[in-house]
Amino acid sequence: MAEIIQEEKGGKKKGHKGSPHIDMTPMVDLMCLLVTFFMLTTSMSKAKVMEINLPEKIKDPTKQEAPKISASRTLNVVLGPDNKIYWYPGTVKPEEYNNLPPMFQTDFSASGIRQMLLERNRSLFKKINEYEQQVVSGKLVISQDSLRNAISQLKKDDDTGPIVLIKAYKKATYGNFVDILDEMNICGIARYTFVDITWYEEKMVEAASGIPSTATASTN
Amino acid sequence: MPKIKLAHSSPHIDMTPMVDLFSVLLTFLMMTTQMRQQEPVTVDTPYSISEKPTPDFNMMTFLVGTDNRVFMNFDNGPDTLLKFRPKILVEMGKHYGIEFTEAEQIEFENYPAAMGVPINRMKEFLHTQEYKEREAFQTGIPIDSTDNQLAYWILFARQVNPNFQACIKGDSKTEFPLVKKVLDILQDKNVNKFNLVTSLEATKINLEEIQQ
C-alpha cells in the first residue's frame, strides 16, 4: 500500500485534487470491532469447574465403619422433585419408621435454603466475611492464595456450623445438585458431603410432597 | 514561511500502520481462539459461583445429556507426543478382542469431540467421515452392570495416565440418578474427586441479609 501511495505522490497529474488516498478509517473501525469481539469471546468461552470431593465408598461394611458425626449439628438436605428442597435436623433411626419426623420444605431462592443455612452458619460466615473485608480494605496484605488458605483454615477450625448431608431423591435433576453445592460455597459451609438417600428418607420426602409411596424397606 | 508550508500539508492521518497493527492482532487472536468443539449433544450447564477455570489437559470428561446418553472424552495430554488417546483405545481393544489399525488410532487421536460409541461399533465409527452418518453411531456408552464399558474406559484411561482428573459435564435438566450412576462407576474405580463443569454466575450476599 505504501508503494501505491508513493507512486501517486511521484505524481503524474499534479492538478488532481481528489485525494488518491484510500480512506482507511472504515477499515480501522471494522478491525477494531473484530479485535474487540475476539478478545471478549476468547476470555469468556472458558468454562468454569466446581470441585467436589466425595467420601470414599465403604466397600466392606464389616471392616469399615461409617464415620460418626454429632446429631445436634447434622442437617439433612434432600433434593426433591420439582426443584424443591426438603430438610430436617438431626438423625432418624430406621426403627422409628412408623413415626418419622416431618420434613421442612424450602426452595433454591435466597430467602429459602440460603437463609436457612446462613442462620445456622452465622458465626463462621461472619468470620470469613470479616477476614475478607480486612483484605479488601487493605488492612491485611496477603496474596489470593494465602487468602484461600486462611479461609480453609477458618473452616477447618470451625466447630459450631452445621454438618450438611446432601441427599437426592430420584426425581431430582443434576441442576439441583450443582445448585445445592453452590449454595454450600456461597454460605461458607465448612462440612458438607453427598451421601446416598436411605429408604426411610425417601418415604419422608414422599409424605411431605404427597407423591404416592414407592419405597419399601428392602430398597436401600 | 515554514508555517504556511505546514498548513498546506495534508491534515490526514495515515491509517495504514494502524491497519497493519490491527491485522496482526486480529490474526493472532483468530489463531489462538480454540474453535468450540461440536459436542454430540447440546448441554446447558448449570450455574455456579466457582471461578476455577477448566484445566487444559489431563482431563477425562463425561458428558451426560438429557436423553440418557453418556459420552466420554479424553485429551492427549500436555504433550502431543504422549498420545494418550490412541493408547487408551488400544488397551480397550485388547480387553474386548478388537485390534485397531494405525489409521484408526490416528483417527481416534484426532477426533475433537466427545464420543458415545459402544466399543463393538468403534471401528465402523472411525471409518465414516460424514458428520451425519457418525451421529447414528452415537448411542451412548453402555453403563449397565452387565456391559459396563464406561468402567473399562475409566480403568484404562487411568492406567495410561494416572493424572487424569474426572470432569462431569451435565445438562441442568439431566435426571440425577443417571449422573449418580456415573459418579458411582467413577467411585468404584477409586475416583473421589470430581470437577463439575458450570457457567459462572455472580452472587453476592451481605451480612445484613443474615442479620435480619
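Criteria and thresholds
- Residues numbered from 1 in each chain as written.
- Chains lettered and ligands numbered in written order.
- Predicted model: local features only at pLDDT ≥ 70, side-chain atom pairs only at ≥ 80, totals over all residues.
- Helix = DSSP H or I, 4+ residues; strand = E, 2+ residues; numbered from the N terminus.
- Buried ≥ 20, exposed ≤ 12 C-beta atoms within 10 Å, placed from the backbone.
- Contact = placed C-beta atoms within 7 Å.
- Domains from an automatic or database assignment.
- Nonpolar A, V, L, I, M, F, W, Y, C, P; charged D, E, K, R; others polar.
- Core = buried A, V, L, I, M, F, W, Y, C linked by C-beta atoms within 7 Å.
- Axes fitted to C-alpha atoms, helices over the stretch in contact; angles between N-to-C directions.
- Parallel < 35°, antiparallel > 145°, perpendicular 65-115°, else oblique.
- Left-handed = near helix turned anticlockwise from the far one by under 90°.
- Pairing = 2+ DSSP bridges.

A. Just the overall build of chain A, in detail. Counting its regular elements, chain A contains seven helices and six strands. Secondary structure elements of chain A occur, N-terminal to C-terminal, as α-α-β-β-β-β-α-α-α-β-α-β-α. Each of the 220 residues in chain A was classed as buried or not, and the buried ones make up 24%. Long-range contacts, defined here as pairs at least 24 residues apart, represent 64% of the contacts in chain A between residues at least 6 apart.

B. Spotlight on the domain arrangement of chain A. All names here are of chain A. Split by domain assignment, chain A resolves into domain 1 (69-121 + 162-220) and domain 2 (122-160). Each of domain 1 and domain 2 has a C-alpha centre, and these two points are 28 Å apart. Contact with domain 1, which involves six residues of that partner, is made by six residues of domain 2. Grouping the amino acids of the side of domain 1 that touches domain 2 by side-chain chemistry returns three nonpolar, two polar and one charged.

C. Geometry of the nonpolar core. Core analysis: the biggest nonpolar cluster contains 76 residues, and A:Val77, A:Phe177, B:Met72, B:Ala157, B:Ile168 and B:Val182 have the highest contact counts within it. For this core, the element with the most residues is helix α6 (residues 174-187) of chain A, which contributes seven residues. Ignoring sequence-local partners within four residues, the contact set of B:Ile168 consists of B:Phe62, B:Val64, B:Val179, B:Val182, B:Phe194, B:Leu196 and B:Val197.

D. Just the domain arrangement of chain B, in detail. Under the domain assignment, chain B is made up of domain 1 (2-32) and domain 2 (47-200). Computed from C-alpha atoms alone, the centre-to-centre distance between domain 1 of chain B and domain 2 of chain B is 50 Å.

E. Structural detail: the packing of helix α3 (residues 84-96) of chain B against helix α4 (residues 102-110) of chain B. Residue and element names in this part refer to chain B. With their axes 8 Å apart at the nearest point, α3 and α4 run at an angle of 125° to one another. Classified by the interaxial angle, the pair formed by α3 and α4 is oblique. When the axes of α3 and α4 are compared, the crossing they make is right-handed. Counted together, Arg85, Pro86, Leu89 and Val90 of α3 and Gln105, Phe108 and Glu109 of α4 form the full contact between these two elements. In terms of residue class, the contact of α3 with α4 is made up of four nonpolar, one polar and two charged.

F. Quick peek at unusual backbone geometry. For A:Asp82, which is not a glycine, the phi torsion comes out positive at approximately 55°. For A:Asp82, the position within the fold is in the loop between β2 (74-79) and β3 (84-89).

G. A look at the interface of chain A and chain B. Counting residues at the interface gives 45 residues for chain A, matched by 48 residues for chain B. For the side of chain A that touches chain B, the leading source of residues is helix α2 (residues 25-44) of chain A, giving 10 residues. Partitioning the side of chain A that touches chain B into residue classes produces 24 nonpolar, 10 polar and 11 charged. When strand β1 (residues 48-53) of chain A meets strand β2 (residues 52-53) of chain B, the two strands line up antiparallel, connected through two bridges. Within the sheet, the bridge partner assigned to A:Val49 lies in β2(B) and is B:Lys52.

H. Seen up close, the pairing of strand β3 (residues 59-64) of chain B. Residue and element names in this part refer to chain B. With respect to burial, β3 is a largely interior element, five of its six residues being buried. Sheet topology note: the β3/strand β4 (residues 70-74) ladder contains five bridges and is antiparallel. Bridging from a neighbouring strand, methionine 60 pairs with phenylalanine 74 of β4. In textbook terms, the turn of a hairpin is the stretch between consecutive antiparallel strands, and for β3 and β4 this stretch comprises five residues, one of which, asparagine 68, has a positive phi near 65°.

I. Structural context of the pairing of strand β6 (residues 193-200) of chain B. One ladder, built from six bridges, connects β1(A) with β6(B); its direction is antiparallel. Looking at the pairing, A:Ile52 lines up with B:Phe194 of β6(B). One ladder, built from two bridges, connects strand β1 (residues 47-48) of chain B with β6(B); its direction is parallel. Within β6(B), the position partnered with B:Ser48 by the bridge is B:Leu200. The sheet contact formed by strand β5 (residues 165-170) of chain B and β6(B) spans three bridges and is parallel. If you follow B:Ala166 over to β6(B), its bridge partner there is B:Phe194.

J. Expanded view of the sheet that holds strand β5 (residues 163-168) of chain A. All names here are of chain A. A sheet is described by the order of its strands in space; here five strands give the open sequence β4-β3-β2-β5-β6, paired in mixed fashion. Each edge of the open sheet carries a strand with a single partner, namely β4 (104-107) and β6 (191-194). When strand polarity is set aside, the average angle formed by the axes of neighbouring strands in this sheet is 25°. In this sheet, β6 lies alongside β5 in parallel orientation, the contact comprising four bridges.

K. Molecular detail of the environment of A:Gly175. Relative to the elements of secondary structure, A:Gly175 occurs in helix α6. It is 26 Å that separates the C-alpha atoms of A:Gly175 and A:Arg73, two residues lying 102 residues apart in sequence.

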